[in-house]
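Read off the chains here:
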Amino acid sequence: MTPPAPRLHATGQPLDEAVADAAAEWLTRFMAGEVDAGERRRWQQWRAAHPDHERAWQHIERVSASWQGLPPGLAYRTLAPLAGRPARPGRRQLLAALFGVGLASGLGLAASRSTPLRALHADLRTATGEQRRIELADGSLLTLNTASAVDIRFDGEQRLVRLIAGEIHVVTGHDARFAGQPFVVATDDGRVRALGTRFAVARDDAGSRVDVFAHAVEISPAGRPERTRIVGAGEGARFDADDSRASALDPRPEQWAAGQLHADDVRLDDFLAELGRYRSGILRCDPAVAGLRFSGVFPLADSDRILAMLPNSLPVQVRFRTRYWVTVSTVDAR
Amino acid sequence: MSAVHPVADLYTEHHRWLLGWLRRKLGCHDQAADLAQDTFVSILTAGNAGEIREARPFLATVANRLVAHRYRRQLLENAYLEALAALPEALAPSPEDRLQALQVLQQLDQALDGLPPAVRQAFLLAHLEGASYAEIGERLGVSTSSVKQYLTRANRQCFFAIAA
């Protein structure tokens, strides 16, 4: 009898051995920092070649994201001393079972808001650092920012875009065939009905946010739909399932929808925190340079390049230890 | 056919024996009682109690695994507390984040289980310390191409070998 091959999984579904091998090898190459533009294209082609390839890669990003938030040094110092301990035979099955339970409860925490599993099965989604623009059947333009996911349902009654994660920018279309059908963006917190318009909706840990750049929208919280609020051009609002409140307009959606990251006399640490939303891995800012201020407009498509250009405008150095681990520090520091 | 659940039979006939066996092994009554309980829960969850032929060796095997698991968790927790104490205050996670961080570390430890020490070490240095392959190679006394082989193997196991 031959021993059974080890079972491989990604995002809860079985995964082919060859796909797992390929994904693991791509990751090794990326971390070596030796992926050039041509290689990166081949990697994108590989991801697009089969849904399993994309699934495997998303799985890597999701799992590694769970430990990349750990304080630097902590994980290594905890795990390294255990390296030489012998594994006891027969432990694996039990550990696998316990591991499954542990992960499920961990995801349970996150699922309350960021819903990674739902996002994975969405109609349309973007990975970290990716943006996507599509034209809907009614001529509306929908732009997904980094790490976002939506479901789209046009059912003859309404034009519904369900925002599952991240943020979107919408310019509603005016195709006569859809004249009687309201355009609605729904989140778990409530509904945003477009009143002929250009606007953005985002979901984060604290609830949902809407910013209106032309005309107006109407917010209706999921739990108290009668508490509607009209938000006009140049205004913003936050809402959860119970209520909504006005807030200052956030201009960033118009900028990222144009593929740009604007810095207007910002602190370097704030800028890097914003840039970090478009990158996998750790982006660290040395406290010694955190307060430096600068201005500029940067193309979001290549965040590596934005980082590489920083020393042109500021007295800093940028160390790419791996693609997933970048430190911005003073020029003379090691 | 017996109407009683097979685990109930096991429990009635062998619980006292298992408790005594664990107490001798661990030297602590409370721990032994806990682990005996966990052993039966584990068998109940597995749902294959009806197929067991040699009850006592089977119980001992399951209990041994649980002991090993608990021991490993304890080692990890100790290492975690030491690492926390060594962190500068500004970097230390808040009390709420500490438990979550520990869970993440336990998952990582389990995901890397069974890998040779050098392979595991290469993975930790690359992913958690951001070390370059050249640095890792120097530290482990191997070539950069070996480091890549180690990482591909560790990446594959860590990300895909366990259902998630």
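Provided above is the structure to which this section pertains.
The structure displayed is predicted, hence computed values, not measured ones. Every chain's residues receive numbers from 1 upward, in the order its sequence appears when written. Chain letters start at A and ligand numbers start at 1, both assigned in the order the entries are written. Side-chain atom pairs in this predicted model are given and counted only at pLDDT of 80 or more, local residue features only at pLDDT of at least 70, and totals for whole chains, interfaces and linings cover all residues. Where side-chain values are given, they derive from all heavy atoms of the structure, hydrogens and water being excluded.

A. Highlighting the packing of aromatic side chains. Residue and element names in this part refer to chain A. Within 6.5 Å between ring centres, the rings of Phe, Tyr and Trp (the latter by its six-membered ring) count as paired, and their orientation is classed by plane angle as stacked under 30 degrees, edge-to-face over 60, tilted in between. Inspection of the entire model under this criterion finds eleven aromatic pairs over all chains. Geometrically, the ring pair formed by Phe 30 and Trp 43 is edge-to-face, given 4.6 Å between the ring centres and 70° between the ring planes. Of this pair, Phe 30 sits in helix 1 (residues 17-32) while Trp 43 sits in helix 2 (residues 37-49), and the two are 13 residues apart along the sequence. Neither Phe 30 nor Trp 43 differs from the other in exposure class; each is buried. Ring geometry for Phe 271 against Phe 298: centres 5.3 Å apart, planes inclined by 55°, an arrangement best described as tilted. With Phe 271 in helix 8 (residues 268-276) and Phe 298 in strand 17 (residues 293-299), this residue pair connects regions lying 27 residues apart in the sequence. Helix numbers and strand numbers start at the N terminus; a helix is a DSSP run of H or I with at least 4 residues, a strand a run of E with at least 2. Only protein chains enter the calculation, and the probe is 1.4 Å; a residue is then buried if its accessible area is under 20% of its type maximum, exposed if over 50%, and partly exposed in between.

B. Molecular detail of the interface of chain B and chain A. In this analysis, two residues are considered to be in contact whenever any of their non-hydrogen atoms come within 4.5 Å of each other. Each side of the interface is counted separately: chain B has 55 residues, and chain A has 56 residues. Between chain B and chain A, roughly 5500 Å² of surface is buried when both sides are summed, and carbon and sulfur atoms account for 66% of that area. Each salt bridge in this description consists of a side-chain nitrogen of Lys or Arg and a carboxyl oxygen of Asp or Glu lying within 4 Å of one another. Across the chain B-chain A interface, the total number found is two salt bridges. In this structure, Arg156(B) and Asp21(A) form a salt bridge, with 2.5 Å as the shortest nitrogen-oxygen distance. Any pair of N or O atoms that falls within 3.5 Å is considered a polar contact. Within protein, one atom must be able to donate a hydrogen and the other to accept it, and sequence-neighbouring residues count only if both atoms are side-chain atoms. Counting every contact that joins chain B to chain A gives twelve residue pairs in polar contact (both at pLDDT 80 or more). Considering each element in turn, the side of chain B that touches chain A owes the most residues, 13 residues, to helix 3 (residues 55-86) of chain B. Think of it as three bins: nonpolar holds Ala, Val, Leu, Ile, Met, Phe, Trp, Tyr, Cys and Pro, charged holds Asp, Glu, Lys and Arg, and polar takes everything else, Gly as well. Here the side of chain B that touches chain A is composed, by residue class, of 33 nonpolar, twelve polar and ten charged. In this description, buried area is defined as the sum, over both parts, of the accessible area (probe of 1.4 Å) that is lost when the two are combined.

C. Local environment of the packing of helix 1 of chain A against helix 7 (residues 144-160) of chain B. Working convention: axes come from line fits to C-alpha atoms, limited for helices to the stretch in contact. Angles between N-to-C directions cover 0 to 180 degrees. Running from N to C, helix 1 of chain A and helix 7 of chain B cross one another at 125°; their axes reach a closest spacing of 8 Å. Here helix 1 of chain A is positioned oblique relative to helix 7 of chain B, judged by the angle of their axes. Pair helix 1 of chain A / helix 7 of chain B crosses with right-handed handedness. Each of Glu17(A), Ala20(A), Asp21(A), Ala23(A), Ala24(A), Glu25(A), Leu27(A) and Thr28(A) in helix 1 of chain A lies in contact with helix 7 of chain B, whose residues at this interface are Lys148(B), Leu151(B), Thr152(B), Asn155(B), Arg156(B), Phe159(B) and Phe160(B). Residue composition of the contact of helix 1 of chain A with helix 7 of chain B, by class: seven nonpolar, three polar and five charged. Should an angle lie under 35 degrees it is considered roughly parallel, over 145 roughly antiparallel, and from 65 to 115 roughly perpendicular; all remaining angles are considered oblique. In a left-handed crossing the near helix is turned counterclockwise from the far helix by less than a right angle, and in a right-handed crossing that turn is clockwise.

D. Local environment of the nonpolar core. Counting residues in each nonpolar core, the largest one holds 55 residues, and the members touching the most others are Trp57(A), Trp67(A), Phe123(B) and Phe160(B). Residues contacting Trp57(A), with those up to four places away along its chain left out, are Ala23(A), Trp26(A), Leu27(A), Phe30(A), Trp43(A), Trp46(A), Arg47(A) and Tyr324(A). Here the nonpolar core consists of buried residues drawn from Ala, Val, Leu, Ile, Met, Phe, Trp, Tyr and Cys, with membership extended through side-chain atoms lying within 4.5 Å.

E. Here's a closer look at the pairing of strand 9 (residues 183-187) of chain A. Residue and element names in this part refer to chain A. Counting buried positions along strand 9 yields five of five residues, so the element is predominantly enclosed. Residue alternation in strand 9 divides its side chains into two sets, Phe 183, Val 185 and Thr 187 and Val 184 and Ala 186, and both sets are buried. Should DSSP find at least two bridges between two strands, the strands are regarded as paired. The pairing of strand 7 (residues 159-165) with strand 9 spans four bridges and is parallel. Bridge pairing in strand 9 links Arg 159 to Phe 183. Where strand 9 meets strand 10 (residues 190-204), four bridges bridge the pair, whose relative direction is antiparallel. Its bridge partner being in strand 10, Thr 187 is matched across the sheet by Gly 190. Here strand 9 hands over to strand 10 after two residues, the two strands then running antiparallel side by side.

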